[in-house]
Amino acid sequence: MRLSSGIWVGAPTLVVALLLPLVLFTNPYNRGLLVLIVIYAVAGLSLDYIMGEMGQFSFGHAAFWGFGAYVSAKLALDLGVSPWIGFVAAPVAAGLVGLLIGYIALRRTRGLELAIVTLGFGVLAWTVALRWRPVTGGPSGLRQVPPPSIFGWEIRSELAYYYFALVLLLVVVFVLSRLRRSRFGRAVRSIHENEDLARSVGVSATKYYVIAFAFACSLVGFSGALYAHHFRFVNPNLLGLQYMFIFLIVVLVGGTGSLWGPVLGALIFVLVSEWLRVLQEYRFLIFGVVLLLVVLFMPTGVFPTMRRVIRRLVERRGSDRDANAPDADDRADRTRAG
Amino acid sequence: MNWDIVFQQLWNGLLNGSIYVIFAAGLSLVFGVMRVINMAHGELTMLGAMLLFTVTSGLGLGYFTGAALVVILMALAGFLVNRVTVRPFLGHSELVVILSTVALSFMLLNGSLVVWGSEPKGVDEPFNEIVKVGGVYVTTAGMLLVGVCFTAVLGLYLMLTHTKLGKKTRATGQNLLGARLIGINTTAVYDTTLIVASGLAALAGVLIVLVSAASPNLGQPLLITGFAVVIVAGMGNVAGAVAVGLFLGVTEALFGQFISTYYRQGYLYVVMIIVLLLRPQGLFGRR
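Residues numbered from 1 in each chain as written. Chains lettered and ligands numbered in written order. Predicted model: local features only at pLDDT ≥ 70, side-chain atom pairs only at ≥ 80, totals over all residues. Heavy atoms only, no water.

Trainee: Hey, could you run me through the overall build of chain A in this one?
Mentor: Tallying secondary structure elements over chain A gives 15 helices and 4 strands in all. In terms of overall size, chain A behaves like a compact globule, its C-alpha atoms giving a radius of gyration of 20 Å where 338 residues would be expected to give roughly 20 Å. When its C-alpha atoms are laid out on the principal axes, chain A stretches across 65 × 50 × 45 Å. Taking all 338 residues of chain A together, the buried fraction comes to 54%. A fraction of 78% describes how many contacts in chain A between residues 6 or more apart in sequence connect residues 24 or more apart. On chain A, roughly 15,400 Å² of surface is accessible, and the fraction owed to carbon and sulfur atoms is 67%. (Helix = DSSP H or I, 4+ residues; strand = E, 2+ residues; numbered from the N terminus. Rg over C-alpha atoms; globule rule 2.2 N^0.38 Å. Buried < 20%, exposed > 50% of the residue type's maximum accessible area, 1.4 Å probe, protein only. Contact = heavy atoms within 4.5 Å. Areas by Shrake-Rupley, 256 points an atom, 1.4 Å probe, with all protein chains shown as cover.)

In structure tokens form, the structure reads like this:
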């Protein structure tokens, strides 16, 4: 996405995001949903770094999310460390473990095999969280995780935490947009496009992939810490398949390969599953149907589909004014989507 | 050492291992032929168990009639699984198919919870006598379970190796385009693959009720175990999945008896991790 169009869409979106808790989402419960959207958006962005940029898939991503949550919660509860340090320690710890697992897995496996291998690590992590009672608190997890505070004032209310998390989401988006354009980001994408070719021009594929994988793990660990200090508990479910499915939905429904996709996906997932709450026990049954239909009609995701439709409209209107060729970015997106 | 205990645990492990074998064989078959990770495989097994409960307690059918009916119905449903949740999504990225099968598993699990509730349901077994063989207590239902599992897996093996359909199936799994070029109807092969896999999953379901209760929640843990088996064996290798399923079932029981009951569940994953460290592609994986 070009910078100009990014700002034209980004600035109004930001204004809307800032106003939402004051206008539409005014009670604490609804504001809590906004916090959840931001947390899922960060997790989705990190998973999309693996799926969209690396063209790979990690089925153990939720394990890193839960791991980050546990690290930060554990530090705050046992050592009385400030959540701020937890927000740094969680991504560092998740990144280090990601480095190790990425090194083991990415040397030899790619694609669906990698998905299965990472699933294996994820399941193991979940079992450890469930069973290692003295450290993880067993099935009930850890409670009363403290919220972070600024100058002695606790960020406890949903409103405050939402703005706090939103700022961090913006930082994450900024870092990712820079990273994608950096030498490193381009090297990762070149491996995605053609690994043999990238290797032949001297890009050490495994090295770049392991680092990129660890980076994504560290980012999702950060999202996990955000979750732990807002909802103020952690339990083994956070590492399990349930959240893995949620992140998968966030990324694939939103659309891979862009920064907007996962954010939009998080918004859609949280709102739709909330709206379906009125259906009570039929909720997740209908959710499955909706999911299937979305994937059927928008297999590349909501954001890329939306963008294509809007571009087509704009092109049709502007075709007699100036016959501008589609920019390189657009073409790259299309090839990646296909 | 008390050898009776060892043999008892070998038997118990054989029961679990048989379920792992038949479950993982179907999961591995779908991956090997279609390169699809079927996240709904566990729910198909669950559906088999729950439907058996309904046809036996609701319609009053006997165990064998009911089980045969359920397996046939579920095999036919495999055709729908392919046409509704797999085939429409195959042209896109491999991940899209994972998501569509996730959607299917959402629907089946939550639909079943609506229909049957989350309470476990007991199914009447045809016979359940306890026989003492040497110092080992063996149930007749358990013997039936083991016998049917291995007959089914042997049948699958013979089908894959000795029939024309099996040859077509293996050719499609090895090279989809090549198979099409020589005139194999790959659509029909995909249909059959899911019909067989769904039937095997349901068979696992109707056999599970011989040793435990039927519950809508039995699918997910089984899926995880199934993945552990196919990871150790190597994805897509059906024969490997059979050997590993059996081995893991038996050693898991021995581990539970002699090392730690508490960490028994963790045993599978520890083996899995060791294999992943040494051979990420699995014991029988290619590459």
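Having put the structure on the table, let's press on.
Trainee: Explanation requested: the overall build of chain B in the structure shown.
Mentor: Counting secondary structure elements, chain B contains 11 helices and 2 strands. For chain B, the C-alpha radius of gyration of 19 Å lies close to 19 Å, the compact-globule estimate for 287 residues. Expressed along its principal axes, the backbone C-alpha trace of chain B runs to roughly 60 × 50 × 35 Å. Once local pairs closer than 6 in sequence are excluded, the contacts in chain B between residues at least 24 apart make up 74%. Summed over its atoms, the accessible surface of chain B is roughly 11,800 Å², and 66% of this surface lies on carbon and sulfur atoms. Between the mean site of the 14 positive side-chain charges and the mean site of the 9 negative ones, chain B shows a separation of 21 Å. (Lys, Arg positive; Asp, Glu negative; His and termini not counted. Charge placed at Lys NZ, Arg CZ, Asp CG, Glu CD.)

Trainee: Can you walk me through empty space enclosed by the protein in this structure?
Mentor: One way to see where empty space is left: roll a probe the size of a water molecule over the atoms. This structure, assessed with the given rule, holds 4 cavities of 30 Å³ or more. By volume, the largest cavity is sized at about 60 Å³. If you go around the largest cavity, the residues you meet are Glu 113, Ile 116 and Val 117 of chain A together with Val 230, Ile 231, Gly 234, Met 235, Pro 280, Gln 281 and Gly 282 of chain B. Those elements that place two or more of their residues in the lining of the largest cavity are helix H5 (111-131) of chain A together with helix H9 (219-233) of chain B. If one sorts the elements of the lining of the largest cavity by residue count, H5 of chain A sits on top with 3 residues. Grouping the amino acids of the lining of the largest cavity by side-chain chemistry returns 6 nonpolar, 3 polar and 1 charged. (1 Å grid on protein atoms, 1.4 Å probe; cavity = no way out; pocket = protein on both sides within 12 Å on 5 of 7 lines; lining within 4 Å. Points joined across faces, edges and corners; volume = space filled by probe spheres on them. Nonpolar A, V, L, I, M, F, W, Y, C, P; charged D, E, K, R; others polar.)

Trainee: Looking at this structure, how should I read a positive patch on the surface?
Mentor: Residues Lys 164, Lys 167, Lys 168 and Arg 170 of chain B make up a contiguous surface patch of positive charge. Checked against the element boundaries, Arg 170 of chain B lands in helix H6 (residues 164-174). (Patch = residues over 30% accessible without salt bridge, like charges linked within 9 Å, V, L, I, M, F, W, Y side chains within 5 Å. Salt bridge = Lys/Arg side-chain N within 4 Å of Asp/Glu carboxyl O.)

Trainee: I tried to follow the pattern of salt bridges on my own but got confused; where do I start?
Mentor: Pairs can form between side chains of opposite charge once their charged atoms are near each other. Residue and element names in this part refer to chain A. Scanning the entire structure with this criterion turns up 9 salt bridges over all chains. The shortest N-O distance in the salt bridge between Arg 156 and Glu 154 comes to 2.7 Å. The class of Arg 156 is partly exposed, set by a relative accessible area of 44%. Bridged by salt links that share partners, the residues Glu 53, Arg 180 and Arg 189 form one connected network.

Trainee: What should I look at first to understand the interface of chain A and chain B in this one?
Mentor: Note: interface size is frequently given as the accessible area lost on complex formation between the parts. Each side of the interface is counted separately: chain A has 39 residues, and chain B has 42 residues. Approximately 4,000 Å² of surface area, both sides summed, lies buried where chain A meets chain B, with 79% of it carried by carbon and sulfur atoms. Joining chain A to chain B, the criterion identifies 0 salt bridges. If you look at where chain A meets chain B, you find 0 residue pairs in polar contact (both at pLDDT 80 or more). Elements with a minimum of two residues in the side of chain A that touches chain B: H5, helix H11 (241-254) and helix H13 (283-297) of chain A. At 12 residues, H5 of chain A tops the list of elements feeding residues into the side of chain A that touches chain B. Among the residues making up the side of chain A that touches chain B, the classes are represented as 28 nonpolar, 4 polar and 7 charged. (Buried area = accessible area lost by both parts, 1.4 Å probe. Polar contact = N/O pair within 3.5 Å; in protein donor to acceptor, adjacent residues only side chain to side chain.)

Trainee: Help me out: how do you make sense of the environment of Leu 200 of chain B in this one?
Mentor: All names here are of chain B. Inspection of the secondary structure puts Leu 200 in helix H8 (residues 186-208). Under the relative-accessibility criterion, Leu 200 is labelled buried at 8%. With 48 residues separating them in the primary sequence, Leu 200 and Ala 152 have C-alpha atoms 7.9 Å apart. Leave out the neighbours within four places in its chain, and Leu 200 touches Ile 22, Gly 26, Ala 152 and Leu 156.

Trainee: Any chance you could explain the side chain of Thr 172 of chain B here in plain terms?
Mentor: Relative to the elements of secondary structure, Thr 172 of chain B occurs in helix H6. Ignoring anything within four residues of it in the chain, the contact list for Thr 172 of chain B reads Val 33, Ala 179, Ile 184, Thr 186, Val 189 and Tyr 190 of chain B.

Trainee: Explanation requested: the packing of helix H2 (residues 41-57) of chain B against helix H4 (residues 94-116) of chain B in the structure shown.
Mentor: A pair of packed helices can be characterised by two numbers: the angle between their axes and the separation between those axes. Residue and element names in this part refer to chain B. As a packed pair, H2 and H4 sit with axes 10 Å apart at the nearest point and diverge in direction by 25°. It follows that H2 is roughly parallel to H4 by the angle criterion. As H2 runs across H4, the sense of the crossing is left-handed. Contacts between H2 and H4 involve Glu 43, Leu 44, Met 46, Leu 47, Met 50, Leu 51, Phe 53 and Thr 54 on the former and, on the latter, Ser 105, Leu 108, Leu 109, Ser 112 and Trp 116. (Axes fitted to C-alpha atoms, helices over the stretch in contact; angles between N-to-C directions. Parallel < 35°, antiparallel > 145°, perpendicular 65-115°, else oblique. Left-handed = near helix turned anticlockwise from the far one by under 90°.)

Trainee: Please explain the confidence of the model for chain A as it appears in this structure.
Mentor: Low pLDDT marks regions whose predicted coordinates should not be analysed in detail. Taken over all residues, the pLDDT of chain A has a mean of 87, while the share at 70 or more is 92%. Confidence drops under a pLDDT of 50 for residues 322-338 of chain A, and excluding neighbours within four residues, the segment shows 14 contacts in the predicted structure. (pLDDT = per-residue confidence, 0-100.)

Trainee: I'm lost on helix H4 (residues 83-106) of chain A in this one. Help?
Mentor: Every α-helix carries 3.6 residues per turn, so stepping three or four residues along brings you back to the same face. Between its terminal C-alpha atoms H4 of chain A stretches 32 Å, which fits the 34 Å expected from 24 residues at 1.5 Å a residue. If you check the start of H4 of chain A, you find a side-chain oxygen 2.9 Å away from the backbone N of Trp 84 of chain A, and it comes from Ser 82 of chain A. (Expected span 1.5 Å × (residues − 1).)

Trainee: Please explain the environment of Trp 260 of chain A as it appears in this structure.
Mentor: Position of Trp 260 of chain A among the secondary structure elements: in helix H12 (residues 260-275). Each C-alpha atom of the pair Trp 260 of chain A and Pro 304 of chain A lies 9.1 Å from the other, and the pair is 44 residues apart in sequence.

Trainee: Where do I start with the packing of H5 of chain A against helix H11 (residues 264-278) of chain B in this structure?
Mentor: Remark: H5 of chain A packs on H11 of chain B, axes separated minimally by 10 Å, with the N-to-C direction vectors making an angle of 140°. Along this stretch, H5 of chain A crosses H11 of chain B, giving a crossing that reads as left-handed. In this structure, H5 of chain A contributes Val 117, Gly 120, Phe 121, Val 123, Leu 124, Thr 127 and Arg 131 of chain A to the contact, and H11 of chain B contributes Gln 265, Gly 266, Tyr 269, Val 270, Met 272, Ile 273 and Leu 276 of chain B. Per-class residue counts for the contact of H5 of chain A with H11 of chain B are 9 nonpolar, 4 polar and 1 charged.

Trainee: What is the right way to look at the pairing of strand E1 (residues 130-133) of chain B in this model?
Mentor: Where E1 of chain B meets strand E2 (residues 136-139) of chain B, 4 bridges bridge the pair, whose relative direction is antiparallel. When the bridges of E2 of chain B are listed, Lys 132 of chain B appears paired with Tyr 137 of chain B. (Pairing = 2+ DSSP bridges.)

Trainee: In this structure, what is going on with the nonpolar core? I would like to understand it.
Mentor: Ranked by internal contacts, the top residues of the largest apolar core, which has 207 residues, are Tyr 40, Phe 59 and Trp 65 of chain A together with Phe 227 of chain B. With 16 residues, helix H2 (residues 28-53) of chain A is the single largest residue contributor to this core. Apart from residues no more than four positions distant in its own chain, Tyr 40 of chain A is found in contact with Trp 65, Tyr 243, Ile 246, Phe 247, Val 250, Ala 266, Phe 269 and Val 270 of chain A. (Core = buried A, V, L, I, M, F, W, Y, C linked by side-chain atoms within 4.5 Å.)

Trainee: Before we go on, may I ask you to explain a nonpolar patch on the surface in this structure?
Mentor: Where nonpolar side chains cluster on the molecular surface, the patch consists of Val 15, Leu 19, Leu 22, Val 23 and Leu 24 of chain A and spans about 480 Å² of accessible area. Summarising the element assignment, Leu 22 of chain A is placed in helix H1 (residues 3-23).

Trainee: Would you explain unusual backbone geometry in this entry?
Mentor: Outside of glycine, negative phi angles account for most residues, and trans bonds account for most peptide bonds. With a phi angle near 55°, Gln 144 of chain A is a residue other than glycine that sits in the positive phi range. Checked against the element boundaries, Gln 144 of chain A lands in the loop between strand E1 (142-143) and strand E2 (149-150). A positive phi angle is found at Arg 35 of chain B, which is not glycine, with a value near 50°. Relative to the elements of secondary structure, Arg 35 of chain B occurs in the loop between helix H1 (3-34) and H2.

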